[in-house]
Amino acid sequence: MKMMKKTYGPLLKDSRYTIRLVIEAILIGIASGLVVSLYRYALSNSENIFFSILSSIKGDLLLTILWFIILAILGVITATLMKWEPISKGSGIPQVIGELKGYYETSWWKVLISKFIGGTLAILAGLPLGREGPSVQLGAMAAKGVSKKLKTSKTDENRLIICGSGAGIAATFNAPIAGVLFTIETFSKSFDKSIVFVGLIAVVISDFIAKCFFGQSPLFTFTPINIPLNYYWILIILGVIMGIAGYIYNTGLIKSAEFWDKFDKVPLELRFAITFIITGIVGFFLPDTLGGGHKMMYLLEVSIPPLSVLITLLIVKYLLLAFCFGSGTPGGIFYPVLVIGAYIGAIFSIIITSIFGLDPLIAYQIIFIAMAAMLASSVRTPITAIILVSEMGGISTSLVGIVIVTLLAYTIPTLLGNKGIYEAILDRILKDKKTINLDESKSILGEYIIPLDCEYIGEKVWDLPLPQTALVVSIVRDGDTLIPDEEMVIKQMDEVFIIMNCKTYNEDNQLIEEMLYEK
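Just so it is clear, the structure is predicted and the values come from calculations on it, not from any experiment.

Student: Could you give an account of the side chain of K144, naming the residues involved and the relevant values?
Tutor: Topologically, K144 is positioned in helix 6 (residues 132-150). K144 gets classed as buried once you look at its relative accessible area, which sits at 0%. Apart from the residues within four sequence positions on either side, K144 is in contact with E99, E105, T106, W108, E157 and I161.

In structure tokens:
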């Protein structure tokens, strides 16, 4: 009875449950905000140390040799951490999605240790990876740790993990609203009110903690001016370009991972050592391409570099990013997506302004728009992309332009059959998934919103072709919670709550999502 009450918590109109959610949200915001802020601080200092070392050893052969030995050692240490906790490899966002879908159960404290240290060492070595994917995973694991300590149900644990992920986005980008939207677009098929409620509290607290560390200024300080309305047609061209760019970006990262798969018999320590050393070599020729991409963004803030410089930095950044990410080194691709989008936007703006004689400051408006479009094209989270870039830049103008380009960029790779990057990476991870035996006595309560075009609208609830281990326990319709009987039919926008066994949740959830959302 106690387990059932914990599972049914979201359906109970109990003030004590609401108070508990508030307390959990505050704890998640504090835990995720502190962990991610400390991670962000560690990476920032590691990147500064790296560039300081790079400038100090130039021209000194002995110091250069010593540095490459250190790089190899850092690679071996990072590989050892990844072998200790394999789920810490790569970005971290696909791994969180996999856990929420029930494909595996992670050790939250092992992930926190291995991801934090491994990601820091990767940036110390100059790898061109971002902090945002790892920050999402760290925020999620901090939330899971809170859940374990509070001994919540598996249903609530999943909700808290989702909210911790959003808190991670808020802390790393200073973008609380984008943090909430990201959780909805990435981790949840439905508009779960409890996730929004807990998530908003968690991201605000997490964002506040991050601002205490790093201040309140927007991450980008560009000063854009609006694009003249009679030139809005160029945004259609930009949208097409960004859609194709997102397709190429995703395809390249997956192909790079497949390339590294050919060397699966090579010890991970050697693979990482090679990756770190090659990164070090690139650093001697194009140091601005290393690290998360902050150096490249700073170049744009100072002034738009010449076209040849932009193209060179863009190509090298992308190729090195794909090479390093494909090897499995811990680090994100979220911020690098924005950097690559910014550089494509800068290239496009130079061409357009020179042809039509437009004000060169329009370039910064185009850069902002291209960043949002690139993120939507690669990750397939268009609403998050629009709000995130607006929050990061402290701008609210030209939202119409951002929406036009973002939706075009989102549509093109989708029509081409290209999956979102995190979904594609998760598919690869699951090929090597090891089965986890979960406690069969635990249940998960899933929430599904009936879409407007669902083929089961008008069908009786009891006639739904659900898995044998899944049961509809209630439907929320127009704010009322209804217990289904043999005559109740499905209506559009119903919130259907389905209880599933923890052990079969991954298969059941996949079948239900395919039944309701895929055509």
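Student: Lay out unusual backbone geometry in plain terms, naming residues and giving numbers.
Tutor: Of note in this structure, K151 is not a glycine but carries a positive phi near 55°. The phi dihedral of R380 falls on the positive side, at around 65°, and the residue is not glycine. Taking the relative accessible area as the measure of exposure, R380 reaches 14% and is therefore buried.

Student: I'd like to hear about a nonpolar patch on the surface, residue by residue, with values.
Tutor: Judged by side-chain polarity, W233, I237, I241, L307, I311, I315, L319, I351, I355 and F356 come together as a nonpolar surface patch covering roughly 850 Å² of accessible area. Among the elements of the structure, helix 10 (234-261), helix 13 (307-326) and helix 14 (334-356) are those that each provide at least two residues to the nonpolar patch. Tallying contributions element by element places helix 13 first for the nonpolar patch, with four residues. Residue position: I241 is located in helix 10.

Student: Can you explain the sheet that holds strand 2 (residues 470-477)? Please cite residues and give values.
Tutor: One open sheet accounts for four strands, arranged 1-4-2-3; its pairing is antiparallel. With one partner strand each, in any of the chains shown, strand 1 (443-449) and strand 3 (480-482) form the two edges of the open sheet. Going across the sheet, the axis of each strand differs from the next one's by a mean of 25°, ignoring polarity. Sheet topology places strand 2 next to strand 4 (residues 495-501); six bridges connect them, and they run antiparallel. Counted as the bridge partner of V472 is I498 from strand 4. On top of the sheet, helix 7 (residues 154-173) reaches strand 1 and strand 4; it is set at about 55° to strand 1, its chief contact.

Student: Outline the pairing of strand 2, listing residues and values.
Tutor: Counting buried residues in strand 2 gives seven out of eight residues, a clear majority hidden from the surface. By the bridge criterion, three bridges tie strand 2 to strand 3 in an arrangement that is antiparallel. Residue pairing for strand 3: V476 is matched across the bridge by T481.

Student: I'd like a description of the confidence of the model for the protein chain, backed by residues and values.
Tutor: The predicted coordinates ought not to be read in detail in places where the model reports low pLDDT. Across the protein chain, pLDDT averages 83, with 90% of residues at or above 70. Segment residues 434-441 is flagged for pLDDT under 50; beyond a separation of four residues in sequence, or across chains, it makes nine contacts in the model.

Student: Lay out the pattern of salt bridges with the relevant residues and their values.
Tutor: Pairing is possible between side chains that carry opposite charge, provided their charged atoms lie close to one another. Within this structure, the stated rule accounts for twelve salt bridges. Between R20 and D156 there is a salt bridge, and its shortest N-O distance comes to 2.4 Å. Placement of the pair is R20 in helix 2 (residues 15-57) and D156 in helix 7, with a sequence separation of 136 residues. K148 is the partner of E157 in a salt bridge, and the nearest nitrogen-oxygen pair spans 3.1 Å. Looking at E157, the relative accessible area reads 3%, which means it is buried.

Student: Please provide a residue-by-residue account of the packing of aromatic side chains, values included.
Tutor: One pass over the full model with this rule turns up 14 aromatic pairs. Seen in terms of ring centroids, W84 and W109 are 6.0 Å apart; in terms of plane orientation they differ by 65°. Their pairing is edge-to-face. Of the two residues, W84 is situated in helix 3 (residues 61-84) and W109 in helix 5 (residues 108-124); the sequence distance between them amounts to 25 residues. W84 sits in the partly exposed class, given a relative accessible area of 35%. Taking 5.7 Å as the distance between ring centres and 70° as the angle between the ring planes, the aromatic pair formed by F182 and F334 counts as edge-to-face. Of this pair, F182 sits in helix 8 (residues 176-187) while F334 sits in helix 14, and the two are 152 residues apart along the sequence. For the pair F182 and F334, one class covers both residues: buried. Through successive ring pairs, a cluster of aromatic residues spans F259, W260, F263 and F323. Looking at K295, its charged tip hangs above the ring of F51, at a distance of 4.7 Å from the centre.

Student: For the environment of T289, give the residues involved together with the corresponding values.
Tutor: Within the secondary structure, T289 is located in the loop between helix 11 (268-285) and helix 12 (294-302). For T289 and L320, which are 31 residues apart along the polypeptide, the C-alpha to C-alpha distance reads 8.4 Å. A distance of 2.7 Å separates a polar side-chain atom of T289 from the backbone oxygen of L286.

Student: Lay out the environment of I57 with the relevant residues and their values.
Tutor: In this structure, I57 sits in helix 2. The exposure class assigned to I57 is buried, which follows from its relative accessible area of 5%. It is 8.0 Å that separates the C-alpha atoms of I57 and W67, two residues lying ten residues apart in sequence.

The rules behind the values
- Residues numbered from 1 in each chain as written.
- Predicted model: local features only at pLDDT ≥ 70, side-chain atom pairs only at ≥ 80, totals over all residues.
- Heavy atoms only, no water.
- Helix = DSSP H or I, 4+ residues; strand = E, 2+ residues; numbered from the N terminus.
- Buried < 20%, exposed > 50% of the residue type's maximum accessible area, 1.4 Å probe, protein only.
- Contact = heavy atoms within 4.5 Å.
- Patch = residues over 30% accessible without salt bridge, like charges linked within 9 Å, V, L, I, M, F, W, Y side chains within 5 Å.
- Areas by Shrake-Rupley, 256 points an atom, 1.4 Å probe, with all protein chains shown as cover.
- Salt bridge = Lys/Arg side-chain N within 4 Å of Asp/Glu carboxyl O.
- Pairing = 2+ DSSP bridges.
- Axes fitted to C-alpha atoms, helices over the stretch in contact; angles between N-to-C directions.
- pLDDT = per-residue confidence, 0-100.
- Phe/Tyr/Trp six-rings, centres within 6.5 Å; stacked < 30°, edge-to-face > 60°.
- Lys NZ or Arg CZ within 6 Å of the ring centre and 35° of its normal.
- Polar contact = N/O pair within 3.5 Å; in protein donor to acceptor, adjacent residues only side chain to side chain.

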